[in-house]
Amino acid sequence: AQSVTQPDIHITVSEGASLELRCNYSYGATPYLFWYVQSPGQGLQLLLKYFSGDTLVQGIKGFEAEFKRSQSSFNLRKPSVHWSDAAEYFCAVGGLGGGADGLTFGKGTHLIIQP
Amino acid sequence: DGGITQSPKYLFRKEGQNVTLSCEQNLNHDAMYWYRQDPGQGLRLIYYSQIVNDFQKGDIAEGYSVSREKKESFPLTVTSAQKNPTAFYLCASSVARDMNEQFFGPGTRLTVL
């Protein structure tokens, strides 16, 4: 069975500082990987996705993520955070069919931005 | 504008009552999904449907039921058999082929009184 681990429940970063959110996955074949962001009481918005090819993926809002097969990781990064980046971030993995049978989500990382 | 709508935004239910959450999409997506979100637990899959008149159980289907009579609609019924129904419910849709993202609705917060 596939699984996703986000080791950090909360992360606090100063505005303008760099950010890295960790994600480790477990899946027997090549995974389909996603990062979503959720503002309080809202739905989820896709930041970026990885299926194959270049292991460094660019997303919206200045985010990027790097797929490392040897470490089973897909960490999310941003060089300089803005106060509006404060939100809940979810890493997810999809199996066969790119997740057509549903995604498996991590428990999320709550990002707090200090002024 | 294309998107996914969920209604109502907030729903209150008495114990022992069934309640139905609405999910509609005008994205012409084949696949639709229901997830449950609890604080600190991420999202867990309840049911999904890849085509009209067909649906599959997800990881936590007990106490829930769905129907998929139209491509645009995928209502979720929370039955009285669901022991702990208070949660945030999210509906999603996708094109249902390889390499496609799921688009999410704004969610319904269900509270059992």
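Keep in mind that this is a model prediction, so the values were computed, not measured.

Check the secondary structure of chain A and you find zero helices and twelve strands. Taken from the N to the C terminus, the helices and strands of chain A come in the order β-β-β-β-β-β-β-β-β-β-β-β. Its C-alpha atoms give chain A a radius of gyration of 14 Å, near enough to 13 Å, the size a compact globule of 115 residues would have. Across its three principal axes, chain A shows a C-alpha extent of roughly 40 × 30 × 25 Å. With 115 residues in all, chain A has 48% of them scored as buried. The contacts of chain A with a sequence gap of at least 6 include a subset with a gap of at least 24, amounting to 54%.

Let us look at the state of the cysteines. The tally for this structure, following the rule as stated, stands at two disulfides over all chains. A sulfur-sulfur distance of 2.0 Å marks the disulfide that ties Cys23 of chain A to Cys91 of chain A. Judged by the sign of its S-S torsion, about -65°, the cystine formed by Cys23 of chain A and Cys91 of chain A is left-handed. Of this pair, Cys23 of chain A sits in the loop between strand S3 (19-21) and strand S4 (24-26) while Cys91 of chain A sits in strand S10 (residues 87-94), and the two are 68 residues apart along the sequence. Considered together, Cys23 of chain A and Cys91 of chain A belong to a single accessibility category, that of buried residues. Residue Cys23 of chain B pairs covalently with Cys91 of chain B via a disulfide, S to S 1.9 Å. Its S-S torsion of about -75° marks the bond between Cys23 of chain B and Cys91 of chain B as left-handed, since a negative value means left-handed. Residue Cys23 of chain B is found in strand S3 (residues 19-25), and its partner Cys91 of chain B is found in strand S9 (residues 87-94); the two are separated by 68 residues along the sequence. We note that Cys23 of chain B, like Cys91 of chain B, is buried.

Let us look at the pattern of salt bridges. Applying the stated criterion across every chain, the model contains eight salt bridges over all chains. For Lys78 of chain A, the salt bridge goes to Asp85 of chain A, with nearest N and O atoms at 2.8 Å. Take Lys78 of chain A and Asp85 of chain A: they sit in the same class, and that class is buried. Lys71 of chain B is paired through a salt bridge with Asp30 of chain B; the nearest N and O atoms lie 3.4 Å apart. You can see Lys71 of chain B sitting in the loop between strand S7 (64-66) and strand S8 (76-78) and its partner Asp30 of chain B sitting in the loop between S3 and strand S4 (31-37), a full 41 residues away along the chain. Overall, Lys71 of chain B belongs to the partly exposed group, its relative accessible area being 25%. If you follow the salt bridges from partner to partner, you end up with Glu64, Glu66 and Arg77 of chain A in one network.

All names here are of chain A. You can see Ile60 is positioned in the loop between strand S7 (56-58) and strand S8 (64-68). With relative accessibility at 34%, the residue Ile60 sits in the partly exposed group. Counting along the chain gives 13 residues from Ile60 to Leu47, while the straight-line C-alpha distance between them is 5.5 Å. If near-sequence neighbours (up to four positions away) are discounted, Ile60 is found in contact with Gln45, Leu46 and Leu47.

Next up on the list: the sheet that holds S8 of chain B. Residues and elements named next belong to chain B. Taken in spatial order, the four strands make up an open sheet running S1-S3-S8-S7, and their pairing is antiparallel. Both edges of this open sheet fall to strand S1 (4-7) and S7, since each of them pairs with a single strand only. Averaged over all adjacent pairs, the angle separating strand axes in this sheet is 20°, with direction ignored. Pairing geometry for S1 and S3, over four bridges, is antiparallel. Across the sheet, Ser7 pairs through a bridge with Ser22, a residue of S3.

Nonpolar side chains tend toward joint burial in soluble globular proteins. Grouped together as the largest cluster of nonpolar side chains are 26 residues, with contacts concentrated most on Leu19, Trp35, Leu47, Leu48, Phe74, Leu76 and Tyr89 of chain A. With four residues, S10 of chain A is the largest single contributor of residues to this core.

To continue, consider the interface of chain A and chain B. Counting residues at the interface gives 22 residues for chain A, matched by 23 residues for chain B. At the boundary of chain A with chain B, total buried surface from both sides reaches about 1800 Å², with 52% on carbon and sulfur atoms. For the salt bridge of Glu101 of chain B with Lys49 of chain A, the shortest nitrogen-to-oxygen distance reads 3.8 Å. For the pair chain A and chain B, the number of links is three residue pairs in polar contact (both at pLDDT 80 or more). At the level of secondary structure, the elements contributing two or more residues to the side of chain A that touches chain B comprise strand S5 (32-38), strand S6 (44-50) and strand S11 (103-105) of chain A. Looking at the side of chain A that touches chain B, the element that brings in the most residues is S5 of chain A, giving four residues. Considered class by class, the residues forming the side of chain A that touches chain B number ten nonpolar, nine polar and three charged.

Rules used throughout
- Residues numbered from 1 in each chain as written.
- Chains lettered and ligands numbered in written order.
- Predicted model: local features only at pLDDT ≥ 70, side-chain atom pairs only at ≥ 80, totals over all residues.
- Heavy atoms only, no water.
- Helix = DSSP H or I, 4+ residues; strand = E, 2+ residues; numbered from the N terminus.
- Rg over C-alpha atoms; globule rule 2.2 N^0.38 Å.
- Buried < 20%, exposed > 50% of the residue type's maximum accessible area, 1.4 Å probe, protein only.
- Contact = heavy atoms within 4.5 Å.
- Disulfide = S-S within 2.5 Å.
- Salt bridge = Lys/Arg side-chain N within 4 Å of Asp/Glu carboxyl O.
- Pairing = 2+ DSSP bridges.
- Axes fitted to C-alpha atoms, helices over the stretch in contact; angles between N-to-C directions.
- Core = buried A, V, L, I, M, F, W, Y, C linked by side-chain atoms within 4.5 Å.
- Buried area = accessible area lost by both parts, 1.4 Å probe.
- Polar contact = N/O pair within 3.5 Å; in protein donor to acceptor, adjacent residues only side chain to side chain.
- Nonpolar A, V, L, I, M, F, W, Y, C, P; charged D, E, K, R; others polar.

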